[in-house]
Amino acid sequence: MSGRARVRARGMARSPGALAGECTQASPSVPRMLMPSDLSDSEASFSGGMEGTSRISQNCDKSVSSGDVGSTFVEKVVKVRRDYVDLGVCTRAKLAHVRDSKTGSSGIPVKLATNLFNLDLPQDWQLYQYHVTYIPDLASRRLRIALLYNHSRLSDHAKAFDGTILFLSQKLEEKVTELSTETQRGETVKMTVTLTRELPSSSPMCIQVFNIIFKKILKKLSMYQIGRNFYKPSEPVEIPQHKLSLWPGFAVSVSHFERKLLFVADVSYKVLRNETVLEFMTDLCYKIGTSCFIQTCEQQLIGLIVLTRYNNKTYRIDDIDWSVKPTCTFQRRDGSEITYVDYYKQQYNITLSDLNQPVLVSLLKSRRNDNTEPKIVHLMPELCFLTGLAGQVTSDFQLMKAVAEEIRLSPLGRQQRLARLVDDIQRNKDARFELETWGLHFGSQMSLTGRVVPSEKILMQDHVCQPMSAADWSKDIRTCKILSVQSLNKWLIVCSNRAENVIDGFLSCLRRVGSSMGFNVGYPKIIKVQENVAAFLRAIQQHVDLDVQLVMCILPSNQNYYDCIKKYLSSDCPVPSQCVLSRTLNKQGMMMSIATKIALQMSCKLGGELWAVEIPLKSLMVAGIDVCKDKFSKQMVVVGFVASLNPRITRWFSRCILQRTTTDIADCLKVFMTGALKEWYKHNHDFPARIIVYRDGVGDGQLKAVIEYEVPQLLSSVAESGSKISSRLSVIVVRKKCLPRFFTEMDRTVQNAPLGTVVDSEATRPEWQVPLENQYDFYLISQAAYRGTVRPTHYNVIYDDNGLKPDHMQRLTFKLCHLYYNWQGLISIPAPCQYAHKLTYLVAQSIHKEPNLELASYLYYL
Amino acid sequence: MQCDSVVDDNFEEVCPEKVIKFKPPLYKQRYQFVRDLVGRHEPKKVADLGCGDTELLRLLKIYPCIQLLVGVDIDEEKLQSNGHHLSPFLGEFVKPRDLDLTVTLYHGSVVERDSRLLGFDLITCIELIEHLDSDHLARFPEVVFGYLSPAMIVISTPNSEFNPLFPIVTLRDADHKFEWNRMEFQTWALQVANRYNYSVEFTGVGKPPAGAEHVGFCTQIGVFWRNSGGAPGPCVSQQHDQHVYKAVYTVSYPSLQQERVLKFELVSEVLLQVERLRLWHLRTLREQKRGAGTVPKEPSVAPSLMLDLFTEAEKARIENSPKPFCEGSRFFVPLQRLLAYPRLHRLPVDEERMRSLLADSVCLSSDGSAVKVDLRNTWDWEPDDY
């Protein structure tokens, strides 16, 4: 079995074991051929286009040193990097109603500071792309680069060169330039430099070159690139209590915004764990003992990114091979055998102290060709550091709190960091020189005008509430009745014997808060069982029949209970279920708020409607789509679709599918949309006049696929629905992770922009360049950040038949952010997206198969 | 062996049309020679004259003994574009070195005197002298041996007797001003050694093929030692600061000699050790409660993961230190005990220093002699197996 297959097999095999709640020993390692992987005998072995080890290229210069622009630039030229693809995707030309104005009008104008900086170019600036050939042909890329760079003819030019393709900011006199040079050995080499393209500053290729230039500049400021961001390990924030270092840094990018080229920078932190994987394993062994050590260890480590001490690379742990020891040999590329111990001693002067440690296995996928078998690399746990926070660590409340304290930056703190970065760039001689030779001028921080849209009223059963703060209206509606819910008459509580004592108090509390919100909670049948997963499941199987409306489980602890119960009750035997940790019910002082929260969730799960907002559009269906990778099998992706079922937008139809693909592009939207329309028809005896779909979870470079592949699926299901007047469709791509930030400046300090702030100019995508038109887009701030800095959500309207004015689209979107029933306040994205997210998360984490369709019209996943 | 870094001086021996191929490549053998020397003699200050693309410096920076590493070259562009290769690896911020290390690249000529290169333990001139014209070659000994006068000098140069084995019988590199046979090199070297009171040993790398042993090594090497009796060159203090070289790149590595780094390392290690002892203690209590009355069984799967591998001396040191103890719900680990564990023992701190460094990050007992933690945490994992 190949390494990858085995990892996959083991990943899948693990899930049933974990679900049954057993601690089984991992299957003994199957001996296997180890591909000759001379770990890094020559740096070239990995730079040859292996992904999976992301290069950290402060030291591995290939992407920057003396203008050399990235080892796979050749491919990139043909296939522009993923995130730049989106730049070329255009939709605005088709949107007739926004040709005149793509901005809204309602609300109060507000002046906003941003984290965007002007980048000025001379008016007629162009980038010149050349192709370079050598006679005689030279194989060594380094030599090719060295010869070109040392040629006097090009010495004054700003250039980026990867060995074949050369970019210059100034045009050479001739279209074809012949250059002659000598190697050290006295051989004459002829270089032919041929102009292939002239690119305006707006072309995606130019944007890519600008980004390379800034990469180079940040490296001049002693920053290290990890992933896409840049960090300064020399100024760490340290949390020794949790063995963590936080490296401050920036996520940066250069793009074309509405009218000009802008540089965006946002503060970012890299979390480094100051422990080797070996120390982590040892600690784990201390903590949990040996009985299920291997299994737990693999669960916690596989998938994490490690940093090796002896070079600047990061690797993903794909597997752990317990049968290989440091004293085993591997084959170097020259064919000789060497033990790991000797290898590290010879190569890096490192003495391995633990000769019994297993090896970590990382699979390096070839970037060039997807068909090649991944290369297997063995890493020593002793020499690998854990990066990032994942798995078990994130559930360590103390630790997460400590991290949050350190990295949470106020708007002012954030602005100060930015100011320092700009200062550093402008003071650094090399950085300045780099900008100047390319003709770039680093300008001032941009400010712009946004609008704060009017706040929304919350409609309750017999009360209209204007909340004090849209961030949280739980207090405002405490005494109000929810819109509708059926009574809960027949239901079960399954709990362990130990939890018995808390139940009475909790039940009376639940009934009390229930009745005050208009939710009648009858007495349940209480089933006491032994404290193990099997006993819980058995009790549920025995007692759940067709009449049971809801099952509540009081769980002793542990994820296993939750996963098994949810799996059974969402899929095998579809009944709404409510899990509560017995620990939660022990918090005496908070019983009222806990009971309220649970009562609200329970009423949703029974199909209840909690509140509404005014929706001026009649016959409007809104839908949300999100995707999530399965926890166990990375090849599976869960696609969730949630659509409203009534004009008031209080009832929802939810569907979800597991799809075997590595891309995040949904393949099943036609089925979903058709199902949702049928369900809508059942409820309303008509089809919706308008449909607005919010699509979340679109990765970099997938925009085109969404437009070309997903929108047609939705359109065809609408067309085939059988309605007389075809429903009109709009599709909006939602992005939570956008770089721009907006602040209000007050009394010489900066604050978060207020809730409901809309930005639809300047920081939005450009509209120049017909016919290469872009989307109409806007930012909306719909979440409150009490201590940190708020992140706006970006909405990109990629398809729009509805012809809604941008202003209406913005306000509708804002309204939808009020409708998430799991939180009595505004959230950062429209409710259907958050529902879809919640659904896919439950399926990806716990259920791992399609939930039963009988539950589709309940919010059973809250 | 495939090798991408074949430019400049390293180009010759691996050029495909040449008949003889060395394995490992000859340039790697030269670097290995220097590395072995560094490993054996543990110099603190090392300079590489004619460092070119800084390949050798990159290999040397991993040696814990080296605290100052300097490269000099006349090609400023090369230094500039290769400087960042010498910056610390990310991992070296996570796990810092024991001793400081500063790496500096100077742009300058080896026949100029710069006082910043005085007092070195080792200066290497790998494939350098054959690039010097006769005038510079004449001034070279006076500067390197007479003025800089390091404890040890390594000079390597091509052995022209080997050249007939290559198809092209001219010089190995266009920039070479000469290539010496063994006699020529040794005569020059002995003269220089005598004049400046050094002794010299000759060796080389790149063994000739079978049947051609008489030509000697492809690269000949002279290792020079300053004689102990001789004056160590002009006294450093008498020198005026003479800064003719231009510093192109300089970087300092994080190390345990820096208080901030030491403190972080110490606190992390202390907390790690205390946590292990605490968990061990809890396990022991559990086992006792279960009635076994014995210490937990050695784990079967990953024995070494369970216990640090201690040597006899380390074990004895730990045994002889005060033991961790419990008072009520508190668990105490004496600082002396902590210092006995190898990972803390290696840190350059005594109990007093440790106390002051820990003071504001760790809770200590009232007399300050032990670290105090709660015996039980709310998030402790209790196995379900009872």
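These numbers were taken from a predicted model, which means no experiment stands behind them.

Draft legend 1. Just the overall build of chain A, in detail. The helix and strand inventory of chain A stands at 21 helices and 38 strands. Put simply, 73% of the contacts in chain A that link residues at least 6 apart link residues at least 24 apart. Carbon and sulfur atoms provide 51% of the accessible area of chain A, an area that totals close to 34,200 Å².

Draft legend 2. Local environment of the overall build of chain B. The secondary structure content of chain B amounts to 13 helices and 11 strands. Each of the 386 residues in chain B was classed as buried or not, and the buried ones make up 53%. Pairs at least 24 residues apart make up 73% of the contacts formed inside chain B by residues separated by at least 6 positions. Entry remark: accessible area of chain B is about 17,500 Å², with carbon and sulfur atoms responsible for 53%.

Draft legend 3. Examining unusual backbone geometry more closely. That bond from A:Ile135 to A:Pro136 is cis: its omega, -5°, falls within 30 degrees of zero. Summarising the element assignment, A:Pro136 is placed in the loop between β4 (126-135) and α5 (141-149). Cis geometry marks the peptide bond from B:Lys23 to B:Pro24, where omega comes out at -5°. Relative to the assigned elements, B:Pro24 resides in the loop between α1 (11-14) and α2 (26-41). With a phi close to 55°, A:Lys243 is a non-glycine residue in the positive phi region. Within the element layout of this structure, A:Lys243 appears in the loop between β11 (237-239) and β12 (244-256). Owing to a relative accessible area of 17%, A:Lys243 belongs among the buried residues under this scheme. Of note in the backbone geometry, A:Ile649 takes a positive phi value of approximately 60° without being a glycine. Along the chain, A:Ile649 turns up in the loop between β30 (636-644) and β31 (652-660).

Draft legend 4. Region of interest: the sheet that holds strand β1 (residues 45-49) of chain B. All names here are of chain B. A sheet is described by the order of its strands in space; here 8 strands give the open sequence β6-β7-β5-β4-β1-β2-β3-β8, paired in mixed fashion. Edge positions in the open sheet fall to β6 (198-205) and β8 (246-252), since each of these has one partner strand only. With direction set aside, neighbouring strand axes in the sheet form an average angle of 15°. The pairing of β6 with strand β7 (residues 219-226) spans 8 bridges and is antiparallel. Directly across from Tyr198, in β7, lies its bridge partner Arg226. Where α2 meets the sheet, its contacts fall on β4 (122-126), β5 (152-158), β6 and β7, and the angle it forms with β7 comes to roughly 20°.

Draft legend 5. Representation of the nonpolar core. All names here are of chain A. Judged by nonpolar contacts, the single largest core of 86 residues is most densely connected at Trp491, Met552 and Tyr835. Apart from the residues within four sequence positions on either side, Tyr835 is in contact with Val642, Trp652, Leu819, Tyr820, Tyr821, Leu859, Tyr861 and Leu862. The next biggest cluster of nonpolar side chains, apart from the first, holds 45 residues, and it includes Val209, Leu221, Ile239 and Val267.

Draft legend 6. Quick peek at helix α13 (residues 351-358) of chain B. All names here are of chain B. Met354, Leu357 and Leu358 are the residues of α13 that are buried. Along α13, the residues classed as buried sweep out an arc of 90° about the axis, all on the same side. Of the surrounding secondary structure, the elements contacted by the buried residues of α13 are α8 (259-289), α11 (335-340) and β11 (370-374).

Draft legend 7. Inspection of the packing of helix α13 (residues 500-516) of chain A against helix α17 (residues 591-605) of chain A at higher detail. All names here are of chain A. One way to put it is that α13 packs onto α17 with a least axis distance of 9 Å and a crossing angle of 65°. The element α13 and its partner α17 pack so that their crossing is right-handed. Of α17, the residues touching α13 (which contributes Phe506, Cys509, Leu510, Arg512 and Val513) are Met591, Met592, Ala595, Thr596, Ile598, Ala599 and Met602. Among the residues forming the contact of α13 with α17, the class breakdown is 10 nonpolar, 1 polar and 1 charged.

Draft legend 8. Quick look at the domain arrangement of chain B. Residue and element names in this part refer to chain B. If you check the domain split of chain B, you get domain 1 (26-253) and domain 2 (259-288 + 306-374). Once you take the C-alpha centre of each, domain 1 and domain 2 turn out to be 46 Å apart. Area buried by domain 1 at its contact with domain 2 is led by Lys95, Pro96 and Asp98, which between them contribute 90% of it. Of the charged contacts, one joins Glu269 and Lys95 as a salt bridge, the two residues approaching to 3.8 Å between their closest N and O atoms. Taken together, the links from domain 1 to domain 2 amount to 0 residue pairs in polar contact (both at pLDDT 80 or more).

Draft legend 9. Here's a closer look at the state of the cysteines. Counted under the stated rule, the structure contains 0 disulfides over all chains. Take A:Cys817: it sits in no disulfide, and the sulfur closest to it among the cysteines is that of A:Cys833, at 8.8 Å.

Draft legend 10. Structural detail: the pattern of salt bridges. Under the counting rule described, the total for this entry stands at 50 salt bridges over all chains. Between A:Glu275 and A:Lys243 there is a salt bridge, with its nearest N and O atoms 3.5 Å apart. Residue A:Glu275 is found in strand β13 (residues 261-276), and its partner A:Lys243 is found in the loop between β11 and β12; the two are separated by 32 residues along the sequence. Of the charged contacts, one joins A:Asp545 and A:Lys490 as a salt bridge, the two residues approaching to 3.3 Å between their closest N and O atoms. Residue A:Asp545 is found in the loop between α14 (533-543) and β27 (550-555), and its partner A:Lys490 is found in the loop between β24 (463-465) and β25 (491-496); the two are separated by 55 residues along the sequence. Its relative accessible area of 37% is what places A:Asp545 among the partly exposed residues. Take A:Lys490: its relative accessible area is 36%, and that puts it in the partly exposed class. Connected through salt bridges with shared partners, the residues A:Glu279, B:Lys95, B:Asp98, B:Glu265, B:Glu269, B:Arg343 and B:Arg346 form a single ionic network.

Draft legend 11. The arrangement of the sheet that holds strand β10 (residues 330-334) of chain B in detail. Residues and elements named next belong to chain B. Ordered in space as β9-β10-β11, the 3 strands form an open sheet in which the pairing is antiparallel. Sheet topology places β9 (325-327) and β11 at the edges, where each strand pairs with a single neighbour. Looking at each pair of strands side by side, their axes are set apart by 30° on average, direction ignored.

Draft legend 12. Up close: the packing of aromatic side chains. All names here are of chain A. Going through the model one piece at a time under the given rule, you end up with 41 aromatic pairs over all chains. Relative to Phe442, the ring of Phe214 lies with its centre 6.0 Å away and its plane at 45°, an arrangement referred to as tilted. Residue Phe214 is found in helix α6 (residues 204-220), and its partner Phe442 is found in strand β22 (residues 441-452); the two are separated by 228 residues along the sequence. Judged by centre distance (5.1 Å) and plane angle (75°), the rings of Trp611 and Tyr821 are edge-to-face. Taken together, the residues span a long stretch of sequence, with Trp611 in the loop between α17 and β29 (620-629) and Tyr821 in the loop between α20 (806-816) and α21 (831-847) at a distance of 210 residues.

Draft legend 13. Broad picture of the domain arrangement of chain A. Per the domain assignment, the segments of chain A are domain 1 (126-199), domain 2 (485-606) and domain 3 (620-737 + 800-851). Each of domain 1 of chain A and domain 2 of chain A has a C-alpha centre, and these two points are 72 Å apart.

Draft legend 14. Examining the pairing of strand β7 (residues 176-182) of chain A more closely. Residue and element names in this part refer to chain A. Of the two faces of β7, only the one carrying Thr177, Leu179 and Thr181 is buried; Val176, Glu178, Ser180 and Glu182 on the other face are not. Summarising the sheet, β7 and strand β8 (residues 188-200) pair through 7 bridges and their orientation is antiparallel. Bridge pairing in β8 links Val176 to Thr194.

Draft legend 15. The arrangement of the side chain of A:Arg690 in detail. Residue and element names in this part refer to chain A. Residue placement: Arg690 occurs in strand β32 (residues 690-695). One buried charged side chain, Arg690, makes no salt bridge at all; its nearest oppositely charged neighbour is Asp800, positioned 6.7 Å away. If sequence neighbours within four positions are ignored, Arg690 has contacts with Leu617, Ser619, Leu620, Met621, Arg728, Asn802 and Leu804.

Draft legend 16. Quick look at the confidence of the model for chain B. All names here are of chain B. The predicted model of chain B averages 84 in pLDDT, with 84% of residues at 70 or higher. Summarising per-element confidence for chain B, the mean pLDDT is lowest in α1 (43) and highest in β1 (97). Confidence over residues 1-18 falls short of pLDDT 50; this stretch has 46 contacts with residues more than four positions distant or in other chains. Reported for the predicted complex are a pTM of 0.79 and an ipTM of 0.80.

Draft legend 17. How the structure looks around the environment of A:Ser323. All names here are of chain A. Residue position: Ser323 is located in the loop between β16 (319-321) and β17 (329-331). For the pair Ser323 and Asn520, spaced 197 residues apart in sequence, the C-alpha to C-alpha distance is 60 Å. Within polar-contact distance, the side chain of Ser323 engages the side chain of Asp321 at 2.6 Å.

Draft legend 18. Local environment of the environment of A:Gln702. If you trace the backbone, A:Gln702 turns up in the loop between β32 and α19 (703-719). Once the C-alpha coordinates of A:Gln702 and A:Tyr795 are considered, the two residues, 93 residues apart in sequence, prove to be 15 Å apart.

Parameters and conventions
- Residues numbered from 1 in each chain as written.
- Chains lettered and ligands numbered in written order.
- Predicted model: local features only at pLDDT ≥ 70, side-chain atom pairs only at ≥ 80, totals over all residues.
- Heavy atoms only, no water.
- Helix = DSSP H or I, 4+ residues; strand = E, 2+ residues; numbered from the N terminus.
- Contact = heavy atoms within 4.5 Å.
- Areas by Shrake-Rupley, 256 points an atom, 1.4 Å probe, with all protein chains shown as cover.
- Buried < 20%, exposed > 50% of the residue type's maximum accessible area, 1.4 Å probe, protein only.
- Pairing = 2+ DSSP bridges.
- Axes fitted to C-alpha atoms, helices over the stretch in contact; angles between N-to-C directions.
- Core = buried A, V, L, I, M, F, W, Y, C linked by side-chain atoms within 4.5 Å.
- Arc of directions from axis to C-beta.
- Left-handed = near helix turned anticlockwise from the far one by under 90°.
- Nonpolar A, V, L, I, M, F, W, Y, C, P; charged D, E, K, R; others polar.
- Domains from an automatic or database assignment.
- Buried area = accessible area lost by both parts, 1.4 Å probe.
- Salt bridge = Lys/Arg side-chain N within 4 Å of Asp/Glu carboxyl O.
- Polar contact = N/O pair within 3.5 Å; in protein donor to acceptor, adjacent residues only side chain to side chain.
- Disulfide = S-S within 2.5 Å.
- Phe/Tyr/Trp six-rings, centres within 6.5 Å; stacked < 30°, edge-to-face > 60°.
- Lys, Arg positive; Asp, Glu negative; His and termini not counted.
- pLDDT = per-residue confidence, 0-100.

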